[in-house]
Amino acid sequence: MYKCYFLLDNILESPHSGITLKLPGASNHTVPLDYMLGHFDDFNYRNFFHTNQIEILDPHAPKFIVSIVHMPTWVDTNLSQDSIDLLKNDPNVYLCLISVLECVLSTKELADELNSKGIPLHKVVVMTSNMQAHGNNIDGVNYICVNFWESISRHHHQTLPNISITTPSQLSINRASKKFLCLNRNIKPHRIWLMYSILRSNVIKQGHVSFNLPSVNRREFEMVSRSHDTLKRIPESLHDDFKRALVRELYNRKLDILDKYHIINYNSSIKPYYNDSLFSIITESDTSLNFITEKTYKAMMNLHPFFIVGNPDQHALLRTRGYHTFEDLFGIDQVTNYTEALAMWSHIDSKNIDVLKQNIKKKYLDKLIHNQQLFLSRKISWNDITDNLITAVGSD
């Protein structure tokens, strides 16, 4: 007897491999269920069944049909008519939509999609990475937040053979030639104004800096660079200079070789840049929402003090999870715009690199090792997620 069951619909017929979910559309794209769920602590498949086996299950236990959407990119649901009928007619069958890769939601579009298929909104729970949505009903649909990125990042660091990890015995603080590492590998407004601040602070030679993926489209870059979301973070008096810099100075900067199709770079080719620098300036995927991804955990696994540019709540969230953050090292509590970035760069510029090395070894090394070990051991439980799903639909 289980508290609930999970039902599988539209999966590949693959008895010699893991469970693979079919995605909507004619492209025949799929997603392994293990990638979405299998890395959570306590996870197992004992209470997963195909929808056509529902008759053998406890009729009174809540059952969640599992499916994938990818907000904000697409919200099409890939459900058989049998599953839709179960959602309409069985009071104990619900729909669990997994949308964890991004934190931005398109709640109205999702509700419209569900309504178009006659799926009762109150019987739907979306598993998301958006913390603000947790426990809320938005446009008629229930949402819970799961800590997907910490869990999957740990799984990748534990299992991928060619990944960058620095052990305490490998740490080479004394040999570092640069103060900082700053990776900006996709077009986002905060990465653009931060890069402008690096150039105007004249600190670029003090760090290893990447800027833009190899597949960046120049037209897209120009559009984002000149958008309100970028310009509002830069003093208006500097807008003309910034626009000139877009043409003359903000060009692509490459460190290690990247795969244009896999934007998450887990290759060990980045390890020399971690080892040749003292700390990381991190531009997370989103600056408005409290969203922490592999970018921060990669710094932890390479024993780097770090500062996250954008939402200061990201540092606070890490501290609630038991991690150390390092605002005192950077002389500032938050960097949410160009002016605050200049203050941070000025502080970094004022510090002698040899003094920084000694400071990190004496004051921060134990904290760096603590962060790395906590990342590898902290429990992120599937049982807690299951409880949240049951609570969301009001089933005890």
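The preceding data block contains the structure.
Structural notes, computed from the coordinates. (Residues numbered from 1 in each chain as written. Predicted model: local features only at pLDDT ≥ 70, side-chain atom pairs only at ≥ 80, totals over all residues. Heavy atoms only, no water.)

Quick notes on the overall build of the protein
We apply this condition: Runs of H or I in DSSP of at least four residues are treated as helices and runs of E of at least two as strands, each being numbered from the N terminus. To get the radius of gyration, use the C-alpha atoms; to get the globule rule, take the number of residues to the power 0.38 and multiply by 2.2 Å. Note on exposure labels: buried denotes an accessible area under 20% of the residue type's maximum, exposed denotes more than 50%, and partly exposed covers the range between, all computed with a 1.4 Å probe on protein chains only. By definition in these notes, contact holds between two residues if any of their heavy atoms fall within 4.5 Å. Values of accessible area rely on a 1.4 Å probe in the Shrake-Rupley scheme; residue burial ignores everything except the protein chains shown. Here Asp and Glu are counted as negative and Lys and Arg as positive; His is not counted, and neither are the chain ends. By convention, the point assigned to a charge is CZ for Arg, NZ for Lys, CD for Glu and CG for Asp.
Per the secondary structure count, the protein includes 15 helices and 13 strands. For a compact globule of 396 residues, the expected C-alpha radius of gyration is about 21 Å, and the protein comes in at 23 Å, within 12% of that figure. Expressed as lengths along the three principal axes of its C-alpha atoms, the size of the protein is roughly 70 × 45 × 35 Å. In the protein, buried positions account for 54% of the 396 residues. For the protein, the share of sequence-separated contacts (at least 6 apart) that also reach a separation of at least 24 residues comes to 74%. Accessible area of the protein: about 17,800 Å², with a carbon and sulfur share of 49%. If you average the places of the 41 positive and of the 41 negative side-chain charges in the protein, the two averages end up 10 Å apart.

With respect to helix α4 (residues 148-159)
A turn of α-helix holds 3.6 residues, and therefore any two residues three or four places apart point the same way. Worth spelling out the cut-off: Take the number of residues in a helix, subtract one, and multiply by 1.5 Å to get its expected span.
In this model α4 runs 17 Å from its N-terminal to its C-terminal C-alpha over 12 residues, within 8% of the 16 Å that 1.5 Å per residue would give. For α4, the buried fraction is high: nine of the 12 residues fall into the buried class. For α4, the complete set of buried residues consists of F148, W149, E150, S151, I152, S153, R154, H156 and H157.

A closer look at the sheet that holds strand β9 (residues 141-145)
Worth spelling out the cut-off: Any two strands with at least two DSSP bridges between them are considered paired. For helices, the fitted axis covers only the stretch in contact; all axes are lines through C-alpha atoms, and the angles between them, taken along N-to-C directions, range from 0 to 180 degrees.
Across the sheet, seven strands lie side by side as β4-β1-β5-β6-β7-β9-β8; this open sheet has mixed pairing. The two strands at the open ends of the sheet, each matched to only one other strand, are β4 (48-50) and β8 (136-138). Adjacent strand axes in the sheet meet at a mean angle of 35°, parallel and antiparallel pairs treated alike. Sheet topology note: the strand β7 (residues 124-128)/β9 ladder contains four bridges and is parallel. Counted as the bridge partner of V126 is Y143 from β9.

Points about the environment of N311
With respect to the helices, strands and loops of the structure, N311 is situated in the loop between β13 (306-309) and α11 (313-320). A relative accessible area of 8% places N311 in the buried class. As a C-alpha pair, N311 and T107 span 204 residues in sequence and 22 Å in three-dimensional space. Dropping the residues within four chain positions of it, N311 is found in contact with T287, S288, L289 and N290.

Brief notes about the sheet that holds strand β10 (residues 178-182)
In spatial order, the strands read β11-β10-β12-β13; together these four strands make up an open sheet with parallel pairing. The two strands at the open ends of the sheet, each matched to only one other strand, are β11 (207-209) and β13. For this sheet, the mean inter-axis angle between neighbouring strands, taken without regard to orientation, is 20°. Sheet analysis places strand β12 (residues 277-283) next to β13, joined by four bridges and oriented parallel. The residue bridging I282 from the neighbouring strand is I308, located in β13.

Some details on the pairing of strand β5 (residues 63-68)
Burial analysis of β5 places six of its six residues in the buried class, the great majority of the element. Here β5 shows a buried face lined by K63, I65 and S67 and a second buried face lined by F64, V66 and I68. Pairing geometry for strand β1 (residues 5-8) and β5, over four bridges, is parallel. Its bridge partner being in β5, Y5 is matched across the sheet by K63.

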